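Residue-level structure breakdown
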Amino acid sequence: LPPVPLSPMKATSGPLPTGDGWIYEVKWDGMRVIAEVGPDGVRAWSSRGLDATASFPELAALASLAPVEAVLDGEVVALDDEGRPSFGRLQHRMHVSSAVEALRRSAEVPVAYVVFDLLGLNGHDLTGRPWHERRRLLDQLADDLPPGVDVATVYDDGEDLLEAARARGLEGVVAKRRDAPYLPGARVRTWVKVKVRLHD
């Protein structure tokens, strides 16, 4: 498995790339979290390598994947009344170090974990594999994920997704190269983030 905590791979801002080599996902307005599921349970880290396990007790449900061992990359989100990610709501849950306080806040502001990458599986480091291979393996885990943990939907038409994100009031779109390896800590051009407000 890759060493954890690790710094997640980051997208570069830019215009929407198109072509057969690209896929598209919603850009979630949340908190980036790397989660490790292993023999000792579930551990989670922020993008800065800070322990986020206590802040989000919902992630403990990932232990149901056992005996599978996995390192997941995704976004913790809190949804508003219309089902859209709300960073304002999420702030009530972030950086809480007390497990008791985090559990109390989870009842007031529940969160979901949207997983979009699989970095390690059963002792194997997947970061050097292309995105499409990592995604295939992630899809195989999807049915075993607990409630509140979802695999991000992938779209083939980035322009349509960007229009839908604008109409729904979402933050934007992330385009990813199908053949891209995962480079921890790097800001890469094989992932491109396109925010809706840049196109209004």
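Look up: the structure comes first, before these words.
This is a predicted model, so every value here is computed, not measured. (Residues numbered from 1 in each chain as written. Predicted model: local features only at pLDDT ≥ 70, side-chain atom pairs only at ≥ 80, totals over all residues. Heavy atoms only, no water.)

**Some remarks on the overall build of the chain**
Keep this limit in mind: Note on conventions: DSSP H or I runs of at least 4 residues are helices, E runs of at least 2 residues are strands, and numbering of each starts at the N terminus. We take the radius of gyration over the C-alpha atoms and set the globule estimate at 2.2 Å times the residue count to the 0.38 power. To sort residues, take the accessible area from a 1.4 Å probe on protein chains only and compare it with the maximum for the residue type: under 20% means buried, over 50% means exposed, and anything in between is partly exposed. Residue exposure ignores everything except the shown protein chains as possible cover, and the areas themselves are Shrake-Rupley values with a 1.4 Å probe.
Each helix and strand in the chain was counted, giving four helices and 10 strands. In sequence order, the chain lays out its α and β elements as β-β-β-β-β-α-α-β-β-α-β-α-β-β. Compactness check: the chain gives a C-alpha radius of gyration of 16 Å against a globular reference of 16 Å for 200 residues, within 12% of the reference. Classification of the 200 residues of the chain by burial places 47% in the buried group. Of the roughly 9700 Å² of accessible surface on the chain, a fraction of 50% belongs to carbon and sulfur atoms.

**Some points on the pattern of salt bridges**
What counts, and what does not: Any carboxyl oxygen of Asp or Glu within 4 Å of a side-chain nitrogen of Lys or Arg constitutes a salt bridge here.
By the definition in use, this model includes 17 salt bridges. Residue Glu25 pairs with Lys176 through a salt bridge whose shortest N-O separation is 2.9 Å. With Glu25 in strand E2 (residues 22–27) and Lys176 in strand E9 (residues 172–177), this pair connects stretches of sequence that are 151 residues apart. By relative accessible area, Glu25 is classed as buried at 2%. Across the salt bridge formed by Glu163 and Arg166, the nearest N and O atoms sit 2.6 Å from each other. Taken together, the positions of Glu163 and Arg166, both in helix H4 (residues 158–168) and three residues apart, correspond to about one turn of that helix. Residue classification places Glu163 among the partly exposed positions, given a relative accessible area of 46%.

**A closer look at the sheet that holds strand E10 (residues 187–195)**
The condition that has to hold: In short, DSSP must find at least two bridges between two strands for them to pair. Every axis in this analysis is a line fitted to C-alpha atoms, fitted for helices over the stretch in contact. Angles between the N-to-C directions lie between 0 and 180 degrees. Contacts: residue pairs with any heavy atoms within 4.5 Å of one another.
Read across the open sheet, the four strands follow the order E1-E10-E9-E2; overall the sheet is mixed. Where the open sheet ends on each side, the last strands, each with one partner, are strand E1 (10–13) and E2. Averaged over all pairs of adjacent strands, the angle between their axes in this sheet comes to 40 degrees, without regard to strand direction. Here six bridges tie E2 to E9, and the two strands are oriented antiparallel to one another. Across the sheet, the residue bridging to Ile23 is Lys176, located in E9. The strands that helix H3 (residues 131–141) touches are E2, E9 and E10; relative to E2, the one it contacts most, it runs at about 55 degrees.

**Brief notes about H3**
We apply this condition: In this description, the arc belongs to the directions extending from the helix axis to the C-beta atoms.
Within H3, the full set of buried residues consists of Trp131, Arg134, Arg135, Leu137, Leu138 and Leu141. With its buried residues spanning 165 degrees around the axis, H3 presents them on a single face.

**Describing the packing of aromatic side chains**
Rules: To pair, rings of Phe, Tyr and Trp, with the six-membered ring standing in for Trp, must have centres within 6.5 Å; the planes then decide the type, stacked if under 30 degrees apart, edge-to-face if over 60, and tilted in the middle.
Summed over all chains, the structure comprises two aromatic pairs. Judged by centre distance (6.4 Å) and plane angle (80 degrees), the ring pair of Phe116 and Trp191 falls under edge-to-face. Of this pair, Phe116 sits in strand E6 (residues 112–121) while Trp191 sits in strand E10, and the two are 75 residues apart along the sequence. Each member of the pair Phe116 and Trp191 is classed as buried. Residues Tyr182 and Trp191 carry aromatic rings whose centres are separated by 5.9 Å and whose planes lie at 80 degrees to one another, so their mutual orientation is edge-to-face. Of the two residues, Tyr182 and Trp191, both sit in the buried class.

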